[in-house]
Number of protein chains: 2
Amino acid sequence: MEILPERTVERLSHYRRVLSKLLEINKEYIYSHEIAKLLHITPVQVRRDLMLIGHSGTLRKGYRIRELISLIGTIIDNPEKYKVAIIGFGKLGHALLNYLTENESNLHLVALFDTNPEKIGTTNNNVICYSVDRIPEIIKRYNIDMALLTLPPQFAQRTANQLVESGVKGIINYTSSILSVEGAFLEQYDMIASLEKVAYFTKPEFYL
Amino acid sequence: MEILPERTVERLSHYRRVLSKLLEINKEYIYSHEIAKLLHITPVQVRRDLMLIGHSGTLRKGYRIRELISLIGTIIDNPEKYKVAIIGFGKLGHALLNYLTENESNLHLVALFDTNPEKIGTTNNNVICYSVDRIPEIIKRYNIDMALLTLPPQFAQRTANQLVESGVKGIINYTSSILSVEGAFLEQYDMIASLEKVAYFTKPEFYL
DNA sequence: TTTTACTTGTTACTTCAATAACAGATTAGA
DNA sequence: TCTAATCTGTTATTGAAGTAACAAGTAAAA
């Protein structure tokens, strides 16, 4: 299978979640325009995405929901569960912990890390919080695939290096520091930039 | 001034923050390739962004940092401070509160909203938490421009409608529900989709 | 049975963003 | 003073993402 566009992968994640809810209410087939309406996108985009993953619908009946969900799974999930760690167990780290435990998915949260002695050793939603000093040890021991950085920005680069050396293959950086990472997929999410962007686009002179 | 590309605006936000730190250590001029190195992008992109905002550097000396920072300010900031509210004062809301109070910027956090009686009426970093029932009243009273949605997904759409009706011009939706909003700029940030995307791109068969 | 309406699947086009290429200007050094 | 190195500013090219257009096929209705 060809490598998919980033946006398509994101939408596949959406499709799956929305469709799962429909399965629960025993809907069997769905049209591209119905999916589109749910996600506020165009039917063409839906069909195009499904074309890319090689899913065929039935003419005038639409797509078989159960089949589609399982196909999306085989494409975006790993055969084994993805193992995830959160580095920095502050407010944001805690929020991510909740997201990961509430939404069941193929992602399995395995470890938390922090520097605060009061947090180290505690168990939160069945996940243990370790000292950041033990990052290489624990990452290797559990074969953790992906790390979410929610620690103070000044430690982000150093920690990222450690993580990649220990075998992490994906990093999401929620700190405001800009990282350079080789040998792993890096996603930056800068909240301040995001806020300032929205502020810019809400300027009165841009009202359409 | 022409409307700027979204990505450029995000980078301008980065430029400003990085440059501000350099001002503090009394650096006066900077080359495009220096900026580029700090942000891990190309010098061309820096020059192109600065061209778009109409900033001129000095040949063989680079860009005057103080001047550039202030120009970026006149472009991405509003003349008055942007007023921001956080809807849903859970872990993520609290994390955003911290971001907004730690990083000084043109954004001014004015109100929090929640449903929990224990939170309503409390003051956090000098910001009062109100009941969500008072959203229209408070939004209008303080002329709030922008809202950050960190509440349970099932209330997101209804709340977004209320906010726009009350005059909010920008919304960042951190819930996993997909919104449709007319009359305001909407930015979605779906953590689960983001996690699943990174998981997809860390699959072994994509290693370059 | 024939026609019409509808829905998929794919190719072609457009728009937005990033990268490359290069002309022009200035400073430092020969 | 002249030459070479360097850095900016802009245009041209490439690439990624989204949108439009439409052929093909099927089910339902006439």
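Position numbers for residues start from 1 in each chain and track the written sequence from start to end. All chains are assigned letters beginning with A, and all ligands numbers beginning with 1, in the order in which they are written. This being a predicted model, a pLDDT of at least 70 is required before a residue's local features are given, and a value of 80 or more before pairs of side-chain atoms are given or counted; all residues contribute to the totals for chains, interfaces and linings. The basis for every side-chain value is the complete set of heavy atoms in the structure, and neither hydrogens nor water enter the calculation.

### Some thoughts on the protein's contact with DNA strand D
Logical step 1: The immediate surroundings of DNA strand D are formed by 21 residues, with Arg60 of chain A together with Ser32, Arg47, Gly57 and Leu59 of chain B found nearest.
Logical step 2: Among all atoms of DNA strand D positioned within 4 Å of the protein, those belonging to sugar or phosphate total 54%.
Logical step 3: Residues adjacent in sequence count toward polar contacts only when both atoms are side-chain atoms; beyond that, a polar contact is any pair of N or O atoms within 3.5 Å, and within protein one must be able to donate a hydrogen and the other to accept it. Side-chain polar atom of Arg11 of chain A to a phosphate oxygen of DNA strand D: 3.1 Å apart, as the coordinates give it.
Logical step 4: Arg48 of chain A places a side-chain nitrogen or oxygen 3.0 Å from a base oxygen of DNA strand D.
Logical step 5: For the surface near DNA strand D, the elements supplying multiple residues, two or more each, are α1 (6-24) and α3 (43-52) of chain A together with α3 (43-52) of chain B.
Logical step 6: Each residue belonging to the surface near DNA strand D can be placed in one class, and the counts come to seven nonpolar, seven polar and seven charged. We call a residue near a molecule or strand when any one of its heavy atoms sits within 4 Å of it. Labels follow the DSSP assignment, with helices taken as runs of H or I lasting at least four residues and strands as runs of E lasting at least two, numbered in each case from the N terminus. For this scheme, ten residues count as nonpolar: Ala, Val, Leu, Ile, Met, Phe, Trp, Tyr, Cys and Pro. Four count as charged, namely Asp, Glu, Lys and Arg, and the remainder, Gly too, count as polar.

### Some words on the interface of chain A and chain B
By convention, interface size is frequently given as the accessible area that disappears when the constituent parts associate.
Logical step 1: In this complex, chain A contributes 63 residues to the contact, which on the side of chain B involves 63 residues.
Logical step 2: Between chain A and chain B the total buried area reaches about 6,000 Å² when both faces are included, carbon and sulfur atoms providing 67% of it.
Logical step 3: For this document, the term salt bridge refers to a Lys or Arg side-chain nitrogen within 4 Å of an Asp or Glu carboxyl oxygen. Of the charged contacts in the structure, one is a salt bridge between Lys197 of chain B and Glu10 of chain A, with a shortest N-O distance of 3.0 Å.
Logical step 4: Here chain A is connected to chain B by 26 residue pairs in polar contact (both at pLDDT 80 or more).
Logical step 5: Looking at the side of chain A that touches chain B, the elements with two or more residues in it are α1, α2 (32-39), α4 (65-76), α5 (91-102), β7 (146-149), β8 (170-173), β9 (185-188) and α8 (191-201) of chain A.
Logical step 6: Considering each element in turn, the side of chain A that touches chain B owes the most residues, 11 residues, to α8 of chain A.
Logical step 7: Looking at side-chain class alone, the side of chain A that touches chain B contains 34 nonpolar, 15 polar and 14 charged residues. Contact definition: two residues touch when any of their heavy atoms are within 4.5 Å. Buried area: the accessible area, evaluated with a 1.4 Å probe, that two parts lose upon being put together, summed over both parts.

### Here's the deal with the pattern of salt bridges
Logical step 1: Under the counting rule described, the total for this entry stands at 24 salt bridges over all chains.
Logical step 2: Close ionic contact of Arg16 of chain A with Glu196 of chain B constitutes a salt bridge, the shortest N to O distance being 3.0 Å. One end of the pair, Arg16 of chain A, is in helix α1; the other, Glu196 of chain B, is in helix α8 (residues 191-201), on a second chain.
Logical step 3: In this structure Arg16 of chain A comes out as buried when scored by relative accessible area, which is 13%.
Logical step 4: A 1.4 Å probe rolled over the protein chains alone gives each residue an accessible area, and that area as a share of the maximum for its type sets the label: buried under 20%, exposed over 50%, partly exposed in between. On the basis of relative accessibility, which here comes to 7%, the residue Glu196 of chain B falls in the buried class.

### Details of empty space enclosed by the protein
To locate leftover empty space, one rolls a probe as large as a water molecule over the atoms.
Logical step 1: Residues are said to line a cavity or pocket when one of their atoms sits within 4 Å of a point; the points come from a 1 Å grid over protein atoms alone, cavities being sets where a 1.4 Å probe fits but cannot get out and pockets being open sets with protein on both sides within 12 Å along at least five of seven lines. Grid points are joined across faces, edges and corners, and a volume is the space filled by probe spheres set on the points. Inspection of every chain in the model, using the stated rule, returns two cavities of 30 Å³ or more.
Logical step 2: Of the volumes computed, that of the largest cavity is approximately 40 Å³.
Logical step 3: Residue lining of the largest cavity: Glu196 and Ala199 of chain A together with Ile76, Asp77, Asn78, Tyr82, Asn106 and Leu107 of chain B, and that is the complete set.
Logical step 4: Classifying every residue of the lining of the largest cavity gives four nonpolar, two polar and two charged.
Logical step 5: The computed volume of the second largest cavity comes to approximately 30 Å³.
Logical step 6: What lines the second largest cavity is simply Ile76, Asp77, Asn78, Tyr82, Asn106 and Leu107 of chain A together with Glu196 and Ala199 of chain B.
Logical step 7: When its residues are assigned to classes, the lining of the second largest cavity shows four nonpolar, two polar and two charged.

### Quick look at the side chain of His14 of chain B
Logical step 1: Within the element layout of this structure, His14 of chain B appears in helix α1 (residues 6-24).
Logical step 2: Overall, His14 of chain B belongs to the buried group, its relative accessible area being 17%.
Logical step 3: The contacts of His14 of chain B, once residues within four sequence positions are left out, are Ile178, Asp190 and Ala193 of chain A together with Leu39 of chain B.

### Quick look at the relation of the copies chain A and chain B
Logical step 1: Note on the copies: chain A fits chain B at an RMSD of 0.0 Å, the axial shift is 0.0 Å, and the rotation between them is 180°. The transformation just described matches what one would write down for a two-fold rotation axis.
Logical step 2: Here 100% of the contact residues of chain A are again contact residues in chain B; the copies associate through an equivalent surface. What sets the superposition is a least-squares fit of C-alpha atoms, and only residues with pLDDT of at least 70 in both copies go into it.

### Some words on the protein's contact with DNA strand C
Logical step 1: Around DNA strand C lies a shell of 23 residues, among which Ser32, Arg47, Gly57 and Leu59 of chain A together with Arg60 of chain B are the nearest.
Logical step 2: If you look at DNA strand C and keep only atoms within 4 Å of the protein, 58% of those are sugar or phosphate atoms.
Logical step 3: Arg60 of chain A has a polar side-chain atom sitting 3.0 Å from a sugar or linking oxygen of DNA strand C.
Logical step 4: A distance of 3.0 Å is found between a base oxygen of DNA strand C and a side-chain nitrogen or oxygen belonging to Arg48 of chain B.

### Digging into the side chain of Lys203 of chain B
Logical step 1: With respect to the secondary-structure elements, Lys203 of chain B resides in the segment after α8.
Logical step 2: Note on Lys203 of chain B: relative accessible area 7%, which makes it buried.
Logical step 3: Within the local environment of Lys203 of chain B, its side chain forms a polar contact with the backbone oxygen of Ile75 of chain A, the two atoms lying 2.8 Å apart.
Logical step 4: A distance of 2.9 Å separates a polar side-chain atom of Lys203 of chain B from the backbone oxygen of Asp77 of chain A.

### Let's talk about the nonpolar core
Logical step 1: Ranked by size, the top nonpolar core spans 101 residues in total, and within it Leu148 of chain A together with Leu148 of chain B carry the most contacts.
Logical step 2: Those residues in contact with Leu148 of chain B, other than ones at most four positions away along the chain, are Leu195 of chain A together with Val84, Ala85, Ile86, Ile87, Leu96, Leu100, Ile172 and Tyr174 of chain B.
Logical step 3: One finds Ala111, Ile138, Ile144 and Val181 of chain A within the second-largest nonpolar core, a separate group that totals 22 residues. We call a set of buried Ala, Val, Leu, Ile, Met, Phe, Trp, Tyr and Cys residues a nonpolar core when their side-chain atoms join them within 4.5 Å.

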